[in-house]
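Coordinates in review
Listed below are the residues making up each chain.
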Amino acid sequence: MRRSQPERGIGASLMAMVSPASSDSRPSQTRLPGTPGKPAGKPVRPRVVLAMEGVTKSYPNGKIALRGVDLVVPEGDFVFLVGPSGAGKSTILKLLIRDEMATKGVVLLDGRDLARLKRKDVPRIRRKIGIVFQDFKLLPHKSVRENVAFALEVTGAPRQSIGPVVDRVLRVVGLTGQADQLPGQLSGGEQQRTAIARALVHNPRLFIADEPTGNLDPLISWEIIQLLLRINELGVTVLMATHNAEVVTALRKRVVALEDGRVVRDQTEAAYHRED
Amino acid sequence: MIAFVAFSLRRAWQGLWHNRLMSVAATATMVLMLALLSGLIILLTGLDATLKYVEQEVQVVAYVKDSANPQDVNLLETALGQMPQVTEVSYVSKDQALKDFLSRHPDEAEVVNSLPTNPLPASLQINLRDPNDYLDVATYLRNQSPVDRVLNIKQTVDQMVTVIGVLRAVGIGVLVVVGLIVLFIIVNTIRLAVVSRADEIEIMRLVGASDAFIRWPFIFEGAMVGLFGALITIAVLWLGQGPITTVMADYFKVLPVEASATVGRDVALVVLGTGVGIGVLGSYLSIRSYLIR
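Residues numbered from 1 in each chain as written. Chains lettered and ligands numbered in written order. Predicted model: local features only at pLDDT ≥ 70, side-chain atom pairs only at ≥ 80, totals over all residues. Heavy atoms only, no water.

Quick notes on the overall build of chain A
As a reminder of what qualifies: Only DSSP runs of H or I covering at least 4 residues are called helices, and only runs of E covering at least 2 are called strands; the numbering of each starts at the N terminus. Each residue is assigned to one of three classes by its accessible area relative to the maximum for its type, calculated with a 1.4 Å probe on protein chains only: buried under 20%, partly exposed between the two thresholds, exposed over 50%. Should any heavy atoms of two residues lie within 4.5 Å, those residues are considered in contact. For every accessible area listed, the method is Shrake-Rupley and the probe measures 1.4 Å; residues are considered covered only by the protein chains on display.
Across its full length, chain A carries 9 helices and 10 strands. The buried share of chain A, reckoned over its 276 residues, is 52%. Of all intrachain contacts in chain A linking residues separated by at least 6 positions in sequence, the fraction that spans at least 24 positions is 70%. Put simply, chain A shows about 13,000 Å² of open surface, and 50% of that area lies on carbon and sulfur atoms.

Below is the structure:
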């Protein structure tokens with residue numbers, strides 16, 4: 001599972017994406033994910049970003065949130081995680097950012113067993129994950145630029161390196177013009193794009209979106225989904241928990257359905273019809 | 001390392017500034033609590049000085065036989081002066097005793113003058129370092145040949161020692177209780193300030209900030225609240241120094257001058273140490289619950 005690989009990151013691809021010279025090239029579709037720099041020809045198994053095996057999670061109050069969940073997500077996948085409230089979607093996301101630990105089973109993120117992670121290594125593994133939420137979680141007294149820069153500042157990035165990275169991700173999400181506004185002055189869609197920009201600054205391997213369109217109207221929701229698709233095209237694996245059946249059905253991506261803590265369906269190019 | 005400290009200080013200052021209301025509330029609480037603490041310390045210092053003064057007033061009086069050899073009396077006086085329990089020895093001659101008596105009771109002059117001889121004995125008056133040594137010194141004196149008898153104030157001394165002991169114990173007890181109250185209130189206020197920023201802490205955790213990057217800005221912030229609170233308290237005490245000294249002098253009457261000179265410095269150090277210390281402690285305890293999972 002563990003393979004050493006040159007540090008790649010999406011920074012370069014993001015640059016390519018926004019620079020006019022490469023506007024017609026589509027880097028993510030011309031190479032297999034997870035095989036940068038390797039000569040094409042030999043078939044290479046895509047690297048696995050996330051693997052869960054027999055994962056059970058029970059809380060001290062006796063509630064069992066997950067029952068024997070198996071889930072493998074290869075690099076470059078776009079996965080919808082669906083299911084009624086309380087099915088275990090949030091628990092899976094909490095396990096991935098290691099806010100919670102599995103009671104039984106193994107959770108591997110980028111080849112690391114999260115249960116064996118030392119406390120001091122937890123922040124580093126979290127930087128491999130970009131995460132956005134329904135409620136954006138922006139700091140109200142910081143501008144868009146400062147909110148995005150915050151993620152770099154608090155992880156010890158050198159000050160002079162912060163500005164260029166922030167500018168780059170703001171260009172990717174299309175917020176260059178709003179960089180100096182406060183979250184309160186932005187629309188819901190712009191706030192979510194700010195959150196997405198912040199989630200991108202560490203060049204994540206896995207992008208987690210927890211109900212990213214829950215607070216947005218349908219049109220804006222589509223904009224956000226388009227943005228997530230673009231990020232996915234750049235080679236970033238996306239895992240999106242959602243209730244939005246319309247979006248899931250329209251995109252025909254892989255759908256993992258949870259019910260009562262179990263994976264009841266795992267299909268590629270699938271639809272989703274809500275029954276709750 | 002320097003970059004990290006600079007970052008923490010900058011974040012701490014931002015934290016204080018962006019949450020002005022909470023910072024002001026925390027600092028105000030800090031000032032009130034430190035003022036309470038320092039007020040109590042000043043009061044107890046006064047009480048202690050008074051008690052020390054009272055203790056030093058305890059005098060062993062040994063009456064000297066009229067027949068005693070003046071040389072023996074002199075030797076005794078020297079010996080007493082060298083005892084570790086003794087601070088001061090004075091010899092009051094028969095004549096002096098009579099003069100003292102007359103100055104206290106001028107009405108009795110006629111009666112006294114009608115007496116054929118001076119009936120008052122000469123005496124040695126011995127001041128003690130600690131009233132608990134009364135018995136030792138008194139017993140020693142009783143066994144000396146020039147001494148006729150020792151004025152028995154054992155009961156009075158015992159009572160006084162008990163009362164002083166109780167007062168001291170009560171003072172320390174009150175100080176401990178108030179100290180704990182101050183600790184809890186300040187720690188709780190800082191906890192409130194930290195809890196009100198749970199969102200910010202959560203974001204830091206989610207973007208992969210290490211524990212140190214989350215913790216230290218808050219600890220510096222707690223230290224700053226403590227420092228500001230302490231400086232304001234010290235400034236208030238400085239301004240109130242005159243009136244406080246007057247009240248203290250009036251109230252305790254006997255407050256020794258040399259005590260008041262160091263009280264100010266001691267109180268300032270206690271206020272500064274307590275303020276910064278509890279500020280840091282409060283932040284450390286409050287932030288802990290967000291880091292340990």
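Remarks on the sheet that holds strand β3 (residues 122-128) of chain B
Residues and elements named next belong to chain B. Inclusion rule: We treat two strands as partners when DSSP finds at least two bridges between them. Axes here mean lines fitted to C-alpha atoms, for a helix over just the part in contact, with angles spanning 0 to 180 degrees between N-to-C directions.
Strand order across the open sheet formed by 4 strands is β2-β3-β1-β4, with antiparallel pairing between neighbours. The open sheet has two edge strands with one neighbour each: β2 (86-92) and β4 (147-150). Averaged over neighbouring strand pairs, the angle between their axes works out to 25° when direction is ignored.

So, the interface of chain B and chain A
Basically, it comes down to this: A quick way to say it: buried area is the sum, across both parts, of accessible area lost when two parts are put together, with a 1.4 Å probe. Salt bridge, as applied in this entry: a Lys or Arg side-chain nitrogen positioned within 4 Å of an Asp or Glu carboxyl oxygen. In this classification, Asp, Glu, Lys and Arg are treated as charged, Ala, Val, Leu, Ile, Met, Phe, Trp, Tyr, Cys and Pro as nonpolar, and every other residue, Gly included, as polar.
The partner chain A presents 22 residues to the 20 residues of chain B that form the contact. Surface buried jointly by chain B and chain A totals about 1,900 Å² across both partners, of which 57% is contributed by carbon and sulfur atoms. Interface area lost by chain B to chain A is led by B:I203, B:L206 and B:V207, which between them contribute 31%. Counting the contacts that link chain B with chain A gives 3 salt bridges. Ionic pairing is found between A:D99 and B:R205, a salt bridge with its closest N-O pair at 2.2 Å. Elements supplying a minimum of two residues to the side of chain B that touches chain A: α1 (2-18), α8 (198-206) and α9 (211-239) of chain B. For the side of chain B that touches chain A, the element with the highest residue contribution is α8(B), accounting for 6 residues. Partitioning the side of chain B that touches chain A into residue classes produces 9 nonpolar, 4 polar and 7 charged.

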